[in-house]
Amino acid sequence: MRNLKKVLALVLALVMSLSLVTIAHAADFSDNADIDYSEAVDVMVAAGIIDGVGNNSFDPNGTLTREQAAKLITYMLLGENSEKLGVEGTSFNDVAATRWSAPAIEYCASLGIIDGAGDGNFYPAGKLTGYAFAKMLLTALGYDSQIEKFVGAGWTIPVATIGMEVGLHNGMENMFGNAEISRQEAAQMALNAIKAPLVYYPNKGNSITVGGTVVDFSSQQAEYVTTTLAKEQRISTRTLTNTREYTVEFGEKYLPKLELKGANDAFGRPSYTWMYDRKEIGTYVDDTNLVGEFTAKVTGRDLYDLITKATLDDSNVTVYVDGETEKTVLGDAYFAKGNIIKSNTETVGNTGNGVLTQVFVTRIEGDDETKYDVKIVIINTYLAIATEDYD
């Protein structure tokens, strides 16, 4: 009996773990269990931007070096063409022209993406901080280091500020910018950069000299690169306010084989699918609008506290149980059934131990008023329930 209980416990643990992760064609590394940013690693590996370190290992927690960062960003910008780069000499005393990373280092240096250490050296094997890598990515997005004050004392402050504005740190709440950045953190930050819009300075460099005084007319404000062609929107559909212009994301210009599609997963959760060269990389839950989740019983009061009546009024509520639609009603109608009221302490549906319940609330901007799309997703994570102690 003891062995049977162990087997059932192992099966339950396995099924629960499978239900909590994203169904995806993940990169097959021996240390996949150590990868926290699996989506980023999957996409970066599929696009050829980053790879393992040999022995079928990715080394997710290994620190990214300065030369690895240069190679990564060069591939983001040039793709397979980066392999065609060659150099006869380098700008740094400690980077030989024959070094594997020399072409990438020279390419990034020519674009102002990287700098030396001020002593004529680059220190290619040196470790890199999160702020330093963010600065490189922001420069690749089009931000000017001089204009944005990415140089000199206090350079980390504007880097951190603009980095948060464009979303470089999305999904990385536990990362500290002044600490060394790991390989998987670099993959996540690079993926965030791929989804960020490119910028430029409309009048950069325009100046005249009047009576020996230089009058600078250059733009000190970065503006988005835009397009009016909807078909070019493969990564984002972000538009500028009161215009018909779409922003051009990094991936839309530099990674033409990469595509991001929105959808629901098999359980009804808001999700998206990454594609590369028309092949699916994986489908991932979009937790942007995830307001709460439970692995124990859920009551009407629990849902009321999460969503509130004001949000639910006249909004669409959909309940999914194991991927099947159970109810699709308006907010008021759902309230009328007594399912979501402050005083309801009854268990909602078949929620409880062995069941994952997630609540997604998406704001929908309409012409007249704001409404919300609410998804309550209930996923049973067990195979069976034993009601007797069988020997």
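Check the entry above for the structure.
What counts and what doesn't
Residues numbered from 1 in each chain as written. Predicted model: local features only at pLDDT ≥ 70, side-chain atom pairs only at ≥ 80, totals over all residues. Heavy atoms only, no water. Helix = DSSP H or I, 4+ residues; strand = E, 2+ residues; numbered from the N terminus. Salt bridge = Lys/Arg side-chain N within 4 Å of Asp/Glu carboxyl O. Buried < 20%, exposed > 50% of the residue type's maximum accessible area, 1.4 Å probe, protein only. Pairing = 2+ DSSP bridges. Axes fitted to C-alpha atoms, helices over the stretch in contact; angles between N-to-C directions. Contact = heavy atoms within 4.5 Å. Core = buried A, V, L, I, M, F, W, Y, C linked by side-chain atoms within 4.5 Å. Phe/Tyr/Trp six-rings, centres within 6.5 Å; stacked < 30°, edge-to-face > 60°. Lys NZ or Arg CZ within 6 Å of the ring centre and 35° of its normal. 1 Å grid on protein atoms, 1.4 Å probe; cavity = no way out; pocket = protein on both sides within 12 Å on 5 of 7 lines; lining within 4 Å. Points joined across faces, edges and corners; volume = space filled by probe spheres on them. Nonpolar A, V, L, I, M, F, W, Y, C, P; charged D, E, K, R; others polar. Parallel < 35°, antiparallel > 145°, perpendicular 65-115°, else oblique. Left-handed = near helix turned anticlockwise from the far one by under 90°. Polar contact = N/O pair within 3.5 Å; in protein donor to acceptor, adjacent residues only side chain to side chain. Arc of directions from axis to C-beta.

Draft legend 1. Summary view of the environment of isoleucine 281. Among the structural elements, isoleucine 281 can be located in strand E9 (residues 279-285). Here the alpha-carbon distance between isoleucine 281 and glutamate 39, two residues 242 residues apart in the chain, equals 9.0 Å.

Draft legend 2. Structural detail: the pattern of salt bridges. For the structure shown, the criterion picks out 7 salt bridges. One salt bridge connects arginine 269 with aspartate 265, and the closest N-O pair in it is separated by 2.9 Å. With respect to burial, arginine 269 and aspartate 265 carry one shared label: buried.

Draft legend 3. Geometry of the sheet that holds E9. In space, the 3 strands of this open sheet follow the order E7-E8-E9, with antiparallel pairing throughout. Of all the strands in the sheet, just strand E7 (258-264) and E9 have a single pairing partner and so form its edges. Strand after strand, the sheet turns through a mean of 25° between neighbouring axes, direction not considered. Summarising the sheet, E7 and strand E8 (residues 270-276) pair through 7 bridges and their orientation is antiparallel. The residue bridging leucine 260 from the neighbouring strand is tryptophan 274, located in E8.

Draft legend 4. Looking closely at helix H5 (residues 130-140). Summarising burial for H5: 10 of the 11 residues are buried, a large majority. Three or more residues of H5 are buried, namely Gly130, Ala132, Phe133, Ala134, Lys135, Met136, Leu137, Leu138, Thr139 and Ala140. Each element contacted by the buried residues of H5 is listed here: helix H3 (66-78), helix H6 (156-166), helix H7 (183-194) and helix H8 (250-254). Taken from the residues just after H5, glycine 142 is the one with a positive phi, measuring 115°.

Draft legend 5. Representation of the nonpolar core in the model. Ile73, Phe133, Tyr143 and Trp274 are the most contacted members of the largest nonpolar core, which totals 71 residues. Core analysis: the second largest hydrophobic core is formed by 15 residues, Val298, Val329, Val374 and Ile378 among them.

Draft legend 6. Expanded view of the packing of aromatic side chains. Counting across every chain of the model gives 4 aromatic pairs. Taking 4.7 Å as the distance between ring centres and 40° as the angle between the ring planes, the aromatic pair formed by phenylalanine 250 and tyrosine 254 counts as tilted. Residue phenylalanine 250 and its partner tyrosine 254 are both found in helix H8; the two are separated by 4 residues, about one turn of the helix. The class for phenylalanine 250 is buried, based on a relative accessible area of 2%. For tyrosine 254, a relative accessible area of 24% puts it in the partly exposed group. Lying across the ring of tryptophan 155, lysine 135 places its NZ or CZ 5.5 Å from the centre. When the ring centre of phenylalanine 58 is taken as reference, the NZ or CZ atom of arginine 183 above it lies at 4.5 Å.

Draft legend 7. The layout of surface pockets, seen in detail. In this model, the largest pocket occupies a volume close to 1,600 Å³. Forming the boundary of the largest pocket are 50 residues, of which Glu39, Tyr272, Val285, Asp286 and Asp287 lie nearest the centre. Counting only elements with at least two residues in the lining of the largest pocket, the list comes to helix H2 (38-46), H6, H7, E7, E9, strand E10 (290-294) and strand E13 (355-365). Among the residues forming the lining of the largest pocket, the class breakdown is 22 nonpolar, 15 polar and 13 charged.

Draft legend 8. Region of interest: the packing of H5 against H7. Relative to each other, H5 and H7 sit at 25°, their axes nearing to 11 Å. With respect to their mutual orientation, H5 and H7 come out roughly parallel. When you trace H5 past H7, the crossing you get is right-handed. Of the residues in H7, those touching H5 at Gly130, Phe133, Ala134 and Leu137 are Ala186, Met189, Ala190 and Ala193. Split by residue class, the contact of H5 with H7 holds 7 nonpolar, 1 polar and no charged.

Draft legend 9. Structural context of the environment of proline 103. Relative to the assigned elements, proline 103 resides in helix H4 (residues 102-110). Setting aside chain neighbours within four positions, we find proline 103 in contact with Leu85, Gly86 and Val87.

Draft legend 10. Inspection of the side chain of glutamate 249 at higher detail. Relative to the elements of secondary structure, glutamate 249 occurs in the loop between strand E6 (246-247) and H8. One polar contact links glutamate 249 to arginine 238, side chain to side chain, over a distance of 2.3 Å.

Draft legend 11. Broad picture of the packing of H2 against H7. Where H2 meets H7, the axes come as close as 8 Å, and the angle between the chain directions of the two elements is 75°. Classified by the angle their axes make, H2 and H7 are roughly perpendicular. Across the interface between the two elements, Glu39, Ala40, Val41, Val43 and Met44 of H2 pack against Gln184, Ala187, Gln188, Ala190, Leu191 and Ile194 of H7. Grouping the amino acids of the contact of H2 with H7 by side-chain chemistry returns 8 nonpolar, 2 polar and 1 charged.

Draft legend 12. Summary view of helix H9 (residues 300-307). Among all positions of H9, only Gly300, Leu303 and Ile307 are buried. The buried residues of H9 all sit within an arc of 65° when viewed along its axis, so they share a single face. Contacts from the buried residues of H9 go to helix H10 (309-312), E13 and strand E14 (370-380).

Draft legend 13. Up close: the pairing of E8. Taken across its 7 residues, E8 has 7 buried, putting it largely inside the fold. Because side chains alternate across E8, one face comprises the buried residues Pro270, Tyr272, Trp274 and Tyr276, and the other comprises Ser271, Thr273 and Met275, equally buried. Sheet topology note: the E8/E9 ladder contains 6 bridges and is antiparallel. Paired with tryptophan 274 across the strands is glycine 282, a residue of E9. As consecutive antiparallel partners, E8 and E9 are separated by 2 residues, and within that stretch aspartate 277 has a phi angle of approximately 55°, a positive value.

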